[in-house]
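Listed below, chain by chain, are the residues.
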Amino acid sequence: MFPSCYSKPSGNGGKKSSWAKLLLGVFIVYMLHTAWLLYSFLNNKPCDGGEHCISSYLTARPRLQLSVFTCLIPDNSQLNLALKIDPFNPQSLFERQVAVSVPEETRANGSLYAVVYVHKSGVSPLEDNKEVHYSAKLTTYFTAAGSEEDKRRTSHKPKSVSHWRPHLSIIMMSESFSFNKGGVPSDVRRFMRVSKNERQVTYLPLLLVNELSFRVRDLMEINRSSVQLPLTVSYEGISLRRFRFLVQLQDMIYSLRQFGFTEENIDEIKETLVGSNFYLLVLTAFITSLQLVCEFLALKNDISSWRGKSSMAGVSRKTALWRSLSTLLIFMHLLEETSLLVLVPIGLGAFVEVWKVFKVYKIKLQWKGLTQVNKMDDEEKKTVEYDTQVSRYLSYLVYPLCISGAIFSLAYLRQKCYFSWLLNTLVTGVYALCFLSMAPQLFINHKLKSVSHLQGAVLVYRGFNTLISDLCYAVSFYNPSLSLTSSHQLCCFRDEVFLLLYLYQRRKYGLKSRRRDSGAHSKKLKTQ
């Protein structure tokens, strides 16, 4: 959007540009396909009537019963009744607390299942030919968290212990919706059980156990003394649209587990998905995708421009070093505060900033382990001189603030983890002084009367990205479990301020720089 004034065309530029356009085109096609799926997902039209329709079993308002059984194996043998709701109203909403007897096999690090039946009232579910059931695990295996001494004593891996899941959330589609026989959605078809008679075809209630309500923090370890354990059984009747929405979310959670996401990371995603409105989630997904595109384009332009840099004239060393250290500190600080979805782009940005430090200081790593620092030309020496000058001025302000902030934070130190205190103090300093990191580069631009050494497209993409993030944060679009901290948002606001100042300096110095370059280029052509 704002290309660099002095960028030289390279032989591989066309290939890189074509690859970037190809990836961007694939992303746009994917977003259009997702939009079409969302439209078809929301546009559920009922069947008009006739022989080609499948009506709901709940339309006749049968007298139903809900029964919850526990068993060691999810089959029809050795069922122990845990809860009975008779009569059962599919439109109702309830929550019951029950005490479940834990078998000896489960207490010996075994498993236990819950089987939920919806069947005719007064009839055993095993004798009802129109019953529906759904099984879910009440236990899950987790690694026992022992002390540090136990971990040092044992060289083998910690043993996985069976844990109790104290919540069982049951949902059922209570909407009397008529489907077309040839238009049943695939996500509904796998839960549908059809009953046929001479007059019509009906589908039995669509039953599901909501796995999104499960949280790791609620788990209870099962031991030999756990004869009875509490279980909270909740039920809610939902619409077809919400039923399909929950099915899609549970499929996504299953895919995340297959990709190696931990349960803690999955819990953070669940917190965002469960308590949000559907349309708000769609908007959030669109904004997140737009931010990923901007971040990808910014990294792509940043890497390509720095790879082709042979002269570091006009580039502030102090700014590059500050950005690399600050991004690394922020990445280490956010490791325990936010999710993997946020850490991945921040980690990639930190890696690029460290690589740029090697480039700006002209440090090359050799196979022998030695480093070779190339010499600087006159323009680069002048840039270093300006950089040192403005850094000296900033030190008069930065050093007193850092020392006073460290003393202030040390006064409130309540624990013996000095590494955590040091990391928090450094990150607080980065957040507080993030705006000052722009000063050396802006001062060099002012002294050189040029902004040609900066990559304008990178600044535009990052400024636009942080602008979207700040706006969404201001109106609470994001859930706090996925969003960044307010101090980090304030630090990211630096890109927007830098973009505005860059545009001002570009307007002031850019035209003169382009004229000077075009004149020098024409003289060079005449000489040749």
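All figures in this text were calculated on a predicted structure; none of them were measured in a lab.

Quick notes on the rules
- Residues numbered from 1 in each chain as written.
- Predicted model: local features only at pLDDT ≥ 70, side-chain atom pairs only at ≥ 80, totals over all residues.
- Heavy atoms only, no water.
- Phe/Tyr/Trp six-rings, centres within 6.5 Å; stacked < 30°, edge-to-face > 60°.
- Helix = DSSP H or I, 4+ residues; strand = E, 2+ residues; numbered from the N terminus.
- Buried < 20%, exposed > 50% of the residue type's maximum accessible area, 1.4 Å probe, protein only.
- Lys NZ or Arg CZ within 6 Å of the ring centre and 35° of its normal.
- Pairing = 2+ DSSP bridges.
- Axes fitted to C-alpha atoms, helices over the stretch in contact; angles between N-to-C directions.
- Core = buried A, V, L, I, M, F, W, Y, C linked by side-chain atoms within 4.5 Å.
- Contact = heavy atoms within 4.5 Å.

Novice: Please give an account of the packing of aromatic side chains that cites residues and values.
Specialist: With the rule as written, the count across this model stands at 6 aromatic pairs. Measuring from centroid to centroid gives 5.3 Å for F179 and Y203, while their planes differ by 65 degrees, and the two rings are edge-to-face. Placement of F179 in strand β10 (residues 179-180) and of Y203 in strand β12 (residues 201-203) is noted, with a sequence separation of 24 residues between them. Owing to a relative accessible area of 1%, Y203 belongs among the buried residues under this scheme. Its guanidinium or amino end placed over the ring of F214, R165 lies 4.1 Å from that ring's centre, counting from NZ or CZ. Here K309 stacks its cationic end above the ring of W306, 5.7 Å away from the centre of that ring.

Novice: Lay out the sheet that holds strand β9 (residues 167-173) in plain terms, naming residues and giving numbers.
Specialist: Read across the open sheet, the 4 strands follow the order β4-β15-β9-β13; overall the sheet is mixed. The strands lining the two open edges of the sheet, one partner per strand, are β4 (93-101) and β13 (207-209). The mean inter-strand angle of the sheet, taken between neighbouring strand axes irrespective of direction, is 25 degrees. Across 3 bridges, β9 lies against β13 in antiparallel orientation. Following the sheet pairing, M172 is matched in β13 by L207.

Novice: Before we move on, could you go through unusual backbone geometry and cite the residues and values that matter?
Specialist: Of note, the amide linkage connecting D86 to P87 takes the cis form, showing an omega dihedral of 0 degrees. Its location among the elements puts P87 in strand β3 (residues 80-88). Positive phi outside glycine occurs at N109, with the angle close to 60 degrees. Mapped onto the fold, N109 is located in the loop between α2 (104-107) and β5 (113-120). By relative accessible area, which is 25% here, N109 ends up partly exposed. Not every positive phi belongs to a glycine, and K449 is a case in point at roughly 55 degrees. Its place among the elements puts K449 in the loop between α12 (439-448) and α13 (456-474). On the basis of relative accessibility, which here comes to 41%, the residue K449 falls in the partly exposed class.

Novice: Provide a residue-level description of the nonpolar core, including the pertinent values.
Specialist: The biggest cluster of nonpolar side chains holds 31 residues, and the ones touching the most others in it are L66, F88, L168 and I170. Going through the elements one at a time, β2 (64-71), β3, β4, β5, β6 (132-137), β9, β13 and β15 (228-238) are the ones with two or more residues in this core. Here the element with the most residues in this core is β15; it accounts for 4 residues. With near-sequence residues (within four places) excluded, L66 lies in contact with L83, K84, I85, F88, V116, Y117, V118, I170 and Y235. Among the nonpolar cores identified, the runner-up in size contains 28 residues, and F243, F245, I269 and L273 belong to it.

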